[in-house]
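Chain and residue survey
Letter by letter, the chains look like this.
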Amino acid sequence: MLNTSLRNYWDPDSRAAGQGHTCVAIEGTEAFSFSVNGRFRSRGQKRAGVYASSEQEDHMDVASDDDISDEPPPKRILDSYKRRRQSVCAERYDPDADDEDDDKKVVHPKSDSQRTRLAQAVASILLFKSLDPEQMQEVLDAMFERKVVPDEHVIDQGDDGDNFYVIDSGTYNIYVKIDGTDKHVGSYDNTGSFGELALMYNTPRAATIVATSDGVLWALDRQTFRRILLKNAYKKRKMYENLLDNVPMLKTLEQFERMKVADALMTQSFEDGEVIIRQGDSADCMYFVEEGVVRIAMKNKNADDPDKELEVTRCKQGDYFGELALVTNNPRAASAYAVGKTKVARLDVHAFERLLGPCKELMKRNIELYEEQIHEIFGSKLQLQESQ
Ligand code: 1OR
Ligand code: 1OR
């Protein structure tokens, strides 16, 4: 996987047709932006914008600027799945006005082994993570298997969107038209998902996806995708909006960047006294306090009693903790305990790296503050600085 990350932007509040939600920003390279209606803007004209869901960022091999090849996609295989709808342009998503709620439930019967494979395929897909068990069941019921052969075009850029796809197996190339020519810009290898953009924004397909091996996909129809997955993602953003808008550190992010953080958060609940973080453990996430209070306590190995834990601070709603180990690459510097029933929103390290880059400097400044306090509380110096 190349070290290029894409920014994802789904802004339900963005302006109307053809504007607000139409482009991709590729971070880490000065690659290019594009509009989901198929026209590219020139290199370097980077603009914040739409792109693929975060799980795709994690599963997709992305071609760097140099890797982008002029290789055309293989000869098109017309498939029976393609369903043409009237062309539509980008639209603002308003779940309250979404009349697709009345749609009938779709059920494609599956064998036990198909169900097991499907459950495995969707396990790492972020869009599915906020579904409640009933919604998950409905989505899984609605998904149907599609087998593909090498060179088969699963999606053609410019077509209307019918299905969203989750990869069960197989490898797939991604082609995008740049200056009128199809360029190979990335690939999927046995995992990930694609085809969400056209369904989210009611725009033509933004890329061509071609199977490069035999493979199996799980398809979800547009109506079920919008009715359940899209609505759910929207609710999640609304749920975390207040919390994130009130985290001072995140003020340096644009609104849409905060929304991306919202997409990546997972709520975890703790009972009074439960450990959320243990000092000395390795770290794979940070937290924001959603409800309740978190007590931070620390042992000092240089103290007379190295096992004695001292409370050093408390975090309340909107505060964050657990960022230090991610910034310094050190083990956890302190332990964190729930005080009463507490809810925290967890951001995993991959999302942290991808989304909170602009806030890292602010977090690093806090290290000095922590070190001063350690000196005051324990009377000795503890090294919290970054380790390589
Ligand atoms: P869709 O519904 O538009 C094509 O149908 C799908 O290809 C699209 O949703 C994405 O899920 C997926 N740009 C646009 N779409 C992409 C890209 C992509 N990669 C995968 N898809 N880029 C490639 C980045 C490596 C950006 C090119 C500028
Ligand atoms: P972490 O990933 O090391 C424990 O996991 C978290 O506790 C840590 O990130 C901080 O987010 C949080 N010193 C060290 N960690 C602290 C402190 C702290 N306060 C909160 N955390 N001090 C308190 C400063 C007011 C200094 C202690 C003497």
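In this text the structure is predicted, and so the values were computed from the model without any measurement. (Residues numbered from 1 in each chain as written. Chains lettered and ligands numbered in written order. Predicted model: local features only at pLDDT ≥ 70, side-chain atom pairs only at ≥ 80, totals over all residues. Heavy atoms only, no water.)

Things to note about the site of ligand 2
Around ligand 2 lies a shell of 18 residues, among which G322, E323, A325, R332 and A333 are the nearest. Backbone polar atom of A325 to an oxygen atom of ligand 2: 2.9 Å apart, as the coordinates give it. Interatomic distance of 2.7 Å between a side-chain N/O atom of R332 and an oxygen atom of ligand 2. Listed by contribution, the elements that provide at least two residues to the shell around ligand 2 are strand 14 (285-299), strand 15 (309-315), helix 8 (324-328) and helix 10 (360-378). For the shell around ligand 2, the element with the most residues is helix 10, which contributes 5 residues. The class makeup of the residues in the shell around ligand 2 is 13 nonpolar, 3 polar and 2 charged. (Near = heavy atom within 4 Å. Polar contact = N/O pair within 3.5 Å; in protein donor to acceptor, adjacent residues only side chain to side chain. Helix = DSSP H or I, 4+ residues; strand = E, 2+ residues; numbered from the N terminus. Nonpolar A, V, L, I, M, F, W, Y, C, P; charged D, E, K, R; others polar.)

With respect to the UniProt feature "binding site: 3',5'-cyclic AMP 1" (unreviewed entry) in the protein chain
The sites that UniProt annotates as "binding site: 3',5'-cyclic AMP 1" (unreviewed entry) are E196 and R205. Within the secondary structure, E196 sits in the loop between strand 9 (193-194) and helix 5 (197-201). Accessibility expressed as a relative area gives 3% for E196, which makes it buried. Locating R205 in the fold gives a position in the loop between helix 5 and strand 10 (208-211). (UniProt positions renumbered as here; feature names shortened; annotations may be inferred. Buried < 20%, exposed > 50% of the residue type's maximum accessible area, 1.4 Å probe, protein only.)

Concerning helix 6 (residues 222-245)
The sharpest bend along helix 6 reaches about 30° and sits at M239. Of all 24 residues making up helix 6, 18 are buried, and the element is well covered by its neighbours. Measuring from the backbone nitrogen of Q223 back to the side-chain oxygen at the start of helix 6 gives 3.2 Å, which picks out D221 as the cap. (Bend = angle between axes of the 7 residues up to and from the residue.)

Side note on the packing of aromatic side chains
Throughout the structure, instances matching the rule amount to 7 aromatic pairs. Their ring planes at 50° and their centres at 5.0 Å tell us that F164 and F225 sit as a pair that is tilted. Placement of the pair is F164 in strand 6 (residues 163-169) and F225 in helix 6, with a sequence separation of 61 residues. Among the residues examined, F164 registers a relative accessible area of 0% and is labelled buried. (Phe/Tyr/Trp six-rings, centres within 6.5 Å; stacked < 30°, edge-to-face > 60°.)

Some points on the sheet that holds strand 6
A sheet is described by the order of its strands in space; here 4 strands give the open sequence 4-11-6-9, paired in antiparallel fashion. Among the strands making up the open sheet, the edge pair consists of strand 4 (144-148) and strand 9. Pairing geometry for strand 4 and strand 11 (residues 215-221), over 5 bridges, is antiparallel. Counted as the bridge partner of K147 is V216 from strand 11. (Pairing = 2+ DSSP bridges.)

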